[in-house]
Amino acid sequence: MSDDDQKPEDATPDGSEPAENQPDGETPAAGEGAPDQAGLPGWGSSDKRRGRRSGPMKKGGDARAAKQMFERVKTARGRKSSSTRWLQRQLNDPYVKKAQMEGYRSRAAYKLLQLDERFKLLKPGMRVVDLGSAPGGWVQVALKSGASEVVGIDLLEMEAIAGATLLEKDFTDADAPSLVKAEMGGAADAVVSDLAPWTTGHKTTDHLRIVALAELAAHFAVETLKPGGFFIAKVFQGGSDSDLLNFLKANFEKVRHFKPDASRSESAETFVVAMGFKG
Ligand SMILES: C[S@@+](CC[C@H](N)C(=O)[O-])C[C@H]1O[C@@H](n2cnc3c(N)ncnc32)[C@H](O)[C@@H]1O
């Protein structure tokens, strides 16, 4: 695989963060346009979002506002310090604010937008499968790009999005791929996967779990895509996923790695993008 597209400054080593019991690299945006976090099982409990460092404070008014937020967070009773760190990071994350302002359900939306900006993937009329779709940021991006059909699947319940079919199901269930295909009712132009297991903080374990999901997604893509279609999957940097890469290279014209700016630099996540499905 060519790493031409990999930004070296983002190549943080795995395990640079303390143990976290949360899907790596993404959390839903709070506030307007975002689902009520408490209403999302798994995502809803801030106790599950642990161990993140906050970003740097901004100068001027933003800094004052951030400090007020920080103090409010700091003095909250009964909240674990890990939850306070998560909340503090959320409050200071520019992509969380942008998602709230622009009506995206998650800051993850900007990852797909930036992947699309880099590789020019999404086109009007496309049929898109979104694996690990909750709370729905990528679904929104696909629909905004003019997708004619979007089918999303997630372990978590998702609030409906007009124009999309959303399945609440474990994608690793034996019948999940056929259910998604049945909902599509035909071949797809794109299979995108932001699937992220809860991380344990153990580098090797986390890497193996995310690669297993990415491999499952890749095999599904090869069974589902039209010739010329594309596949995106979240993976972790710094591990050996040569089986996945060899599989993608054998089935697609071009395979690249790319870490969008919206992917936090301290997160080990990156994305593999496979274009031009050979059919
Ligand atoms: C990073 S989040 C996805 C964010 C989404 N792309 C967005 O834009 O809102 C990862 C999602 O993968 C889901 N997930 C993890 N393992 C899964 C599985 N086995 N089956 C279905 N969904 C899974 C999690 O529930 C979580 O919602």
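Residues numbered from 1 in each chain as written. Predicted model: local features only at pLDDT ≥ 70, side-chain atom pairs only at ≥ 80, totals over all residues. Heavy atoms only, no water.

Turning our eyes to something else, we now look at the overall build of the protein chain. Tallying secondary structure elements over the protein chain gives 8 helices and 7 strands in all. Within the protein chain, buried positions represent 52% of all 279 residues. Taking the contacts inside the protein chain whose residues are at least 6 apart along the sequence as the reference set, 68% of them involve residues at least 24 apart. As displayed, the protein chain offers around 12,300 Å² of accessible surface, 52% of which is attributable to carbon and sulfur atoms. (Helix = DSSP H or I, 4+ residues; strand = E, 2+ residues; numbered from the N terminus. Buried < 20%, exposed > 50% of the residue type's maximum accessible area, 1.4 Å probe, protein only. Contact = heavy atoms within 4.5 Å. Areas by Shrake-Rupley, 256 points an atom, 1.4 Å probe, with all protein chains shown as cover.)

Moving on, we get to the UniProt feature "active site" in the protein chain. UniProt marks K234 with the feature "active site", using the numbering shown here. By the element assignment, K234 lies in strand β5 (residues 225–236). Using a relative accessible area of 1% as the deciding quantity, one classes K234 as buried. (UniProt positions renumbered as here; feature names shortened; annotations may be inferred.)

By size, the foremost hydrophobic cluster in this structure holds 33 residues, and its most contacted members are V128, F230 and I232. Elements with a contribution of two residues or more to this core: α3 (94–102), α4 (109–119), α5 (137–144), β4 (188–193), β5 and β7 (269–277). A per-element tally of this core places α4 first, with 5 residues. In this structure I232 touches L112, L115, L121, W138, V191, V192, S193, F271, V272 and V273, once residues within four positions along its chain are discounted. Among the nonpolar cores identified, the runner-up in size contains 30 residues, and I153, V180, L248 and F252 belong to it. (Core = buried A, V, L, I, M, F, W, Y, C linked by side-chain atoms within 4.5 Å.)

This part is about the packing of helix α6 (residues 176–184) against helix α7 (residues 203–224). In contact at an axis separation of 11 Å, α6 and α7 are set at 40° when each is read in the N-to-C sense. Considering their axes alone, α6 and α7 lie oblique with respect to each other. As α6 packs across α7, the resulting crossing turns out to be right-handed. On the side of α6, the interface is formed by P177, V180 and K181, while α7 contributes F220, E223 and T224. Grouping the constituent residues of the contact of α6 with α7 by class yields 3 nonpolar, 1 polar and 2 charged. (Axes fitted to C-alpha atoms, helices over the stretch in contact; angles between N-to-C directions. Parallel < 35°, antiparallel > 145°, perpendicular 65-115°, else oblique. Left-handed = near helix turned anticlockwise from the far one by under 90°. Nonpolar A, V, L, I, M, F, W, Y, C, P; charged D, E, K, R; others polar.)

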